[in-house]
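Listed below, chain by chain, are the residues.
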Amino acid sequence: MVPVNYYIILSAILFTIGALGVLVRRNPLIIFMSIELMLNAANLAIVAFSSVIKSYSGQIFAFFVIAVAAAEVAVGLALIVQIFKSRHSINVDEMNNLKG
Amino acid sequence: MTIDILLFLILALVSVSAALGMLLSRNAVYSALFLVLNFATVAVFYILLGAPFIAMAQITVYAGAIMVLFLFVIMLLGADSLAPGKVLPWQKPLAAVLAFVLVVEAAYLLAFRGAPTGAVIRPEASVNSVESLREMGMVLFNQYLLPFEVTSILLLVAMVGAIVLTKQEKGGQK
């Protein structure tokens with residue numbers, strides 16, 4: 001029997017690593033991966049709570065989060081490819097104007 | 001210390017190490033592969049929590065589709081095309097301090113204020129059965145039918161958006 005606190009603390013640690021990745025890294029691909037890590041950490045907490053209260057609702061919510069993450073990645077990576085085509089660089093520090 | 005907690009701790013160690021490897025490795029391909037390892041360990045956690053369907057969805061959608069897309073884009077743009085530009089010197093220490101504050105805050109809130117109670121019982125064998133999946137499908141298609149349909153529209157919009165964004169413009173095609 002694992003106390004649910006363990007899962008929540010693991011989820012908090014993974015979320016913090018993801019937030020640190022967003023703050024520190026310059027490569028937008030790594031920033032996207034860090035966002036995926038944060039979504040994953042939240043999913044882990046949701047499924048842990050749903051397992052404690054023995055309900056399927058949490059699992060279904062995690063399923064929806066996975067679908068939304070897939071949609072987000074498809075659009076985000078298309079944006080990154082398009083920015084690379086027009087500027088030949090994907091450094092987030094250089095993306096400072098809206099005009100293509 | 002029971003076998004469950006031992007299993008949890010070993011898996012948690014692998015998971016956190018893979019996340020740190022994703023954060024720290026210089027090569028984007030290594031980062032992506034570390035993230036695949038992290039997703040796989042989280043899928044094992046889902047199985048331990050008695051959610052086999054979510055574990056399989058995690059493997060197929062995250063470790064399969066999303067990471068293949070990531071690797072494809074990394075290969076397309078060149079693995080290390082990022083020149084070391086000028087960096088802000090105070091950024092990394094500040095980010096480390098902020099992350100430390102975040103994890104301490106989360107641990108404080110979870111340990112002292114409104115701490116979640118209860119334990120995750122090891123799921124019985126019946127959880128990994130067709131019967132359990134059937135029950136979950138009943139809940140998904142009765143109680144959560146509208147969000148399910150909205151998700152399908154969201155995926156369609158994302159697909160159209162990705163195609164429109166990467167489409168060659170008429171002028172540049174020739």
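Residues numbered from 1 in each chain as written. Chains lettered and ligands numbered in written order. Predicted model: local features only at pLDDT ≥ 70, side-chain atom pairs only at ≥ 80, totals over all residues. Heavy atoms only, no water.

1. Concerning the overall build of chain A
Right, so step 1: Across its full length, chain A holds three helices and one strand.
Right, so step 2: Helices (α) and strands (β) of chain A occur, in sequence order from the N terminus, as β-α-α-α.
Right, so step 3: Considered along the principal axes of its C-alpha atoms, chain A spans approximately 55 × 25 × 15 Å.
Right, so step 4: When the 100 residues of chain A are sorted by exposure, 56% land in the buried category.
Right, so step 5: Look at the contacts in chain A between residues 6 or more apart in sequence, and 57% of them connect residues 24 or more apart. (Helix = DSSP H or I, 4+ residues; strand = E, 2+ residues; numbered from the N terminus. Buried < 20%, exposed > 50% of the residue type's maximum accessible area, 1.4 Å probe, protein only. Contact = heavy atoms within 4.5 Å.)

2. Some thoughts on the interface of chain B and chain A
Right, so step 1: Between chain B and chain A, the residue contacts involve 76 residues of the former and 67 residues of the latter.
Right, so step 2: Both faces considered, chain B and chain A share a buried interface measuring about 6700 Å² in area, 77% of it formed by carbon and sulfur atoms.
Right, so step 3: Linking chain B with chain A are zero salt bridges.
Right, so step 4: On inspection of chain B and its partner chain A, the count reaches seven residue pairs in polar contact (both at pLDDT 80 or more).
Right, so step 5: Contributions of two or more residues to the side of chain B that touches chain A are made by α1 (3–24), α2 (28–48), α3 (52–77), α4 (91–112), β1 (119–120), α5 (130–142) and α6 (145–166) of chain B.
Right, so step 6: By residue number, the principal contributor to the side of chain B that touches chain A is α3(B), which donates 13 residues.
Right, so step 7: Considering only residue class, the side of chain B that touches chain A consists of 56 nonpolar, 15 polar and five charged.
Right, so step 8: The pairing of strand β1 (residues 2–3) of chain A with β1(B) spans two bridges and is classified as antiparallel. Looking at β1(B), one finds that A:Pro3 is bridged to B:Ala119. (Buried area = accessible area lost by both parts, 1.4 Å probe. Salt bridge = Lys/Arg side-chain N within 4 Å of Asp/Glu carboxyl O. Polar contact = N/O pair within 3.5 Å; in protein donor to acceptor, adjacent residues only side chain to side chain. Nonpolar A, V, L, I, M, F, W, Y, C, P; charged D, E, K, R; others polar. Pairing = 2+ DSSP bridges.)

3. Topic: the packing of aromatic side chains
Right, so step 1: Enumeration according to the criterion identifies nine aromatic pairs over all chains in this entry.
Right, so step 2: Pairing A:Tyr7 with B:Phe8 gives two aromatic rings, centres 4.7 Å apart and planes at 70°, and the pair type is edge-to-face. One end of the pair, A:Tyr7, is in helix α1 (residues 4–24); the other, B:Phe8, is in helix α1, on a second chain. The burial state of A:Tyr7 is the same as that of B:Phe8; both residues are buried.
Right, so step 3: Taken together, a centroid distance of 6.2 Å and an interplanar angle of 40° make the contact between A:Phe63 and A:Phe64 tilted.
Right, so step 4: A:Phe64 sits in the buried class, given a relative accessible area of 12%.
Right, so step 5: Taken together, the ring pairs in this structure connect A:Tyr6, A:Tyr7, B:Phe8 and B:Phe45 into an aromatic cluster. (Phe/Tyr/Trp six-rings, centres within 6.5 Å; stacked < 30°, edge-to-face > 60°.)

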